[in-house]
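# Remarks on the overall topology
One-letter residues, chain by chain:
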Amino acid sequence: MIGLISATSAGAAARDRLAAAWPDRTRVYEGPVGDAVRAAFAECEQLVCFLATGAVVRLIAPLLGDKAADPGVVCVDEGGRFAVSLLGGHAGGANELAREVGELLGAEPVVTTATDAVGVAGLDTLGLPYEGAVAAVSRALLDGEPVALEAELAWPLPPLPVAERGAYTVRLTDRALEPGPREVLLRPPSLVVGVGASRGAPVDEVLELIESALAEAGLSVRSVAQLATVDAKSEEPGLVGAAARLGVPLITYPAEELADVAVPNPSDAPLAAVGTPSVAEAAALLGGGELLVPKRKSAGHPAMATCAVVRRPARGRLAVVGLGPGARDLLTPRAVAELRRASVLVGLDQYVDQIRDLLRPGTRVLESGLGAEEERARTAVAEARAGHAVALIGSGDAGVYAMASPALAEASDDIDVVGVPGVTAALAAGALLGAPLGHDHVSISLSDLHTPWEVIERRVRAAAESDLVVTFYNPRSRGRDWQLPKALAALAEHRAPSTPVGVVRNASRPDESSRVTTLAALDPASVDMMTVVTVGNTATREIAGRMVTPRGYRWQATSTEEGAR
């Protein structure tokens with residue numbers, strides 16, 4: 001919950017805007033400001049104070065406790081110009097909250113956390129448990145001192161400006177190690193603990209078994225990702241309670257699935273009880289991985305629990321990101337977040353140049369020129385399979401005549417894939433032209449590099465006969481100057497010469513141009529590969545210089561009748 005506190009009418013107005021926008025996330029604290037701040041500090045995860053920073057500092061100073069437990073605090077000035085992250089930038093989420101508040105209120109977020117200010121990913125913001133000298137290692141990263149990354153496991157980390165060797169170390173490990181004086185340990189969620197239990201098994205017995213098994217194997221309990229068991233034990237209090245104490249989910253599987261898993265230590269007892277010869281080992285192994293701790297029993301008399309530990313294979317992450325038509329303000333916030341999350345960026349060189357300034361320090365960039373789409377797709381998938389966090393970029397929407405198709409044709413289910421939509425060229429052009437896509441429409445690429453012309457022409461004729469608005473991508477290049485005239489001729493067999501045609505070049509870029517002409521007047525020689533051509537259907541009209549396709553024929557008829565009155 002976010003506590004909202006204000007002292008003046010102007011502050012209250014801004015406070016109420018937040019409360020209205022986030023009704024389920026916020027709570028307004030009325031009354032004397034000091035009392036309100038103290039109450040919110042004790043009861044909320046975050047605070048937004050519409051007060052001077054000095055006043056807030058004095059009010060919260062006596063309340064400060066532990067950095068990991070204090071709420072995040074954001075201050076908004078009386079004029080609503082700035083949203084200042086004052087306390088708990090990382091641990092309390094105040095940095096991100098300041099950005100959210102700033103976006104909603106039109107205020108500039110002010111973040112002074114050093115790593116955020118220079119774009120370096122904070123070691124305490126990676127989403128992994130951590131131990132060790134975070135402040136010292138972070139300072140070394142900021143000062144440009146060599147910091148070595150020793151990754152004992154492949155895991156999709158965000159970019160870090162690390163070196164092969166250094167006096168400071170970031171170690172990614174699930175082993176039970178003590179960090180050195182200049183070392184940070186990052187704990188990946190790499191361990192799955194399979195558990196079985198007799199009815200009524202005590203929580204303490206289950207938990208002691210798990211912790212002792214991990215300790216004897218030299219593994220960190222902080223790298224446990226989940227407990228796994230059979231469906232029949234999904235509500236067993238001892239297992240549910242152990243998962244809750246460890247702060248991990250309890251995952252369950254049907255007995256028939258577990259029975260199909262080959263295990264080293266099957267038993268007749270679980271087969272008779274729940275229908276599978278193995279619970280602990282099979283549940284741990286079902287998702288694949290290396291069995292580190294074979295089945296072992298708890299120390300009770302009789303033993304009421306079993307467990308086994310598996311190190312699951314790391315899953316790399318591939319984000320296929322659409323950059324939009326080119327303008328920075330048409331690049332979505334989600335795309336920006338994925339670009340900053342990726343430790344490896346793969347893309348066409350000219351697209352990389354568009355967003356290079358958004359990348360975090362330490363991002364490895366793999367760029368290539370035109371005509372290497374399949375190679376880029378293979379490279380991106382290979383990097384993800386190696387356990388990295390990868391962003392593969394394309395213009396417009398990555399799923400429309402772009403990189404998503406070749407990448408996903410290469411990818412299998414051994415990596416996680418995320419699609420990030422972007423504003424595609426047809427939409428960017430349509431917004432400049434007016435409303436040409438107001439009814440059914442189709443996009444067709446006229447490039448016969450990958451598709452035979454006979455197939456393309458058949459699709460154009462089908463669109464013409466179906467009276468669809470048609471947007472042509474890749475309409476004409478120096479080596480392909482005859483396809484567009486043939487496509488327009490096919491449309492002209494079913495549409496009047498006066499049919500509106502929109503021609504947009506470099507939509508959303510500084511040198512963009514757009515015009516509305518007709519099917520008869522369009523000169524194909526004025527079109528190139530940077531152009532999108534949109535041909536209207538039989539209902540499309542030019543109105544006040546804009547291209548408009550009615551939402552439907554009934555709506556068009558009604559509008560025409562009303563206009564005639």
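Above this note sits the structure.
Analysis parameters
Residues numbered from 1 in each chain as written. Predicted model: local features only at pLDDT ≥ 70, side-chain atom pairs only at ≥ 80, totals over all residues. Heavy atoms only, no water. Axes fitted to C-alpha atoms, helices over the stretch in contact; angles between N-to-C directions. Helix = DSSP H or I, 4+ residues; strand = E, 2+ residues; numbered from the N terminus. Parallel < 35°, antiparallel > 145°, perpendicular 65-115°, else oblique. Contact = heavy atoms within 4.5 Å. Nonpolar A, V, L, I, M, F, W, Y, C, P; charged D, E, K, R; others polar. Pairing = 2+ DSSP bridges. Buried < 20%, exposed > 50% of the residue type's maximum accessible area, 1.4 Å probe, protein only. Arc of directions from axis to C-beta. Core = buried A, V, L, I, M, F, W, Y, C linked by side-chain atoms within 4.5 Å. Phe/Tyr/Trp six-rings, centres within 6.5 Å; stacked < 30°, edge-to-face > 60°. Lys NZ or Arg CZ within 6 Å of the ring centre and 35° of its normal. Right-handed = clockwise from strand over helix to strand, strands pointing away.

## What to know about the packing of helix 1 (residues 9-21) against helix 4 (residues 94-105)
- Across the interface, helix 1 lies against helix 4 with an axial gap of 11 Å and an inter-helix angle of 105 degrees. Classed by the angle they form, the pair helix 1 and helix 4 counts as roughly perpendicular. For the pair helix 1 and helix 4, contact is made by A14, R17, L18 and A21 and by V101, L104 and L105, respectively.
- Here the contact of helix 1 with helix 4 is composed, by residue class, of six nonpolar, no polar and one charged.

## What about the sheet that holds strand 16 (residues 317-322)?
- With parallel pairing, the five strands of this open sheet are ordered in space as 18-17-19-16-20. Only two strands of the sheet have a single neighbouring strand rather than two, namely strand 18 (364-368) and strand 20 (416-420). If you compare each strand with its neighbour and ignore which way they point, the axes differ by 15 degrees on average.
- When strand 17 (residues 344-348) meets strand 18, the two strands line up parallel, connected through five bridges. Bridge pairing in strand 18 links V344 to R364.
- Sitting on the sheet, helix 12 (residues 333-341) touches strand 16, strand 17, strand 19 (389-394) and strand 20, and the angle it makes with strand 16 is about 140 degrees.

## Thoughts on helix 12
- Every buried residue of helix 12 is listed here: A335, E338 and L339. Along the axis of helix 12, the buried positions cluster into a sector of 100 degrees, meaning they face one direction only. Every exposed residue of helix 12 that faces more than 90 degrees away from the buried side is listed here: P333 and R334.
- Turning to helix 12, the residues buried within the fold contact strand 16, strand 17, helix 13 (349-355), strand 19 and strand 20.

## Let's talk about the sheet that holds strand 27 (residues 541-543)
- Spatially, 21-28-27 is the arrangement adopted by the three strands of the open sheet, whose pairing is mixed. Only two strands of the sheet have a single partner each, and these edge strands are strand 21 (434-435) and strand 27.
- As paired strands, strand 21 and strand 28 (residues 546-548) are joined by two bridges and run parallel to one another. Along strand 28, the bridge assignment pairs G434 with M547.

## Some words on the nonpolar core
- Core analysis: the biggest nonpolar cluster contains 22 residues, and V193, V195, V206, I210, L214, L227 and V309 have the highest contact counts within it.
- Secondary structure elements with two or more residues in this core: strand 11 (191-197), helix 7 (203-216), strand 12 (224-230), helix 8 (237-246) and strand 15 (305-311).
- Looking at this core element by element, the count peaks at six residues for helix 7.
- Among residues more than four places away in sequence, those in contact with V206 are A201, G238, L239, A242 and A305.
- Among the nonpolar cores identified, the runner-up in size contains 21 residues, and I456, F472, A487 and V503 belong to it.

## Some points on the packing of aromatic side chains
- On inspection of all chains with the given rule, the structure shows two aromatic pairs.
- Arranged with centres 4.7 Å apart and planes meeting at 50 degrees, the rings of Y401 and Y473 form a pair that is tilted. Of this pair, Y401 sits in the loop between strand 19 and helix 15 (404-410) while Y473 sits in strand 23 (residues 469-473), and the two are 72 residues apart along the sequence.
- Judged by relative accessible area, Y401 falls into the partly exposed class, the value being 45%.
- Between R25 and the ring centre of W22, over which it is positioned, the NZ or CZ distance is 4.3 Å.

## What to know about helix 16 (residues 425-433)
- Within helix 16 the residues assigned to the buried category are A426, A428, A429, G430 and L433.
- One or two positions beyond helix 16, positive phi appears at G434, with a value near 135 degrees.

## Quick look at the pairing of strand 13 (residues 250-253)
- In the sheet, strand 12 pairs with strand 13 via four bridges, with the strands oriented parallel. Considered in strand 13, the bridge of T229 is made with T252.
- In this fold, strand 12 hands off to helix 8, which returns the chain to strand 13; that crossover is right-handed.

## Focus on unusual backbone geometry
- The phi torsion at D467 lies on the positive side, around 60 degrees, for a residue other than glycine.
- As for its position among the elements, D467 is in the loop between helix 17 (453-465) and strand 23.
- Here D467 falls in the buried class, since its relative accessible area comes to 16%.
- In this structure, N506 takes a positive phi of about 55 degrees despite not being glycine.
- Examined against the element boundaries, N506 turns out to sit in the loop between strand 24 (500-505) and strand 25 (513-518).
- The buried category is assigned to N506, whose relative accessible area is 8%.

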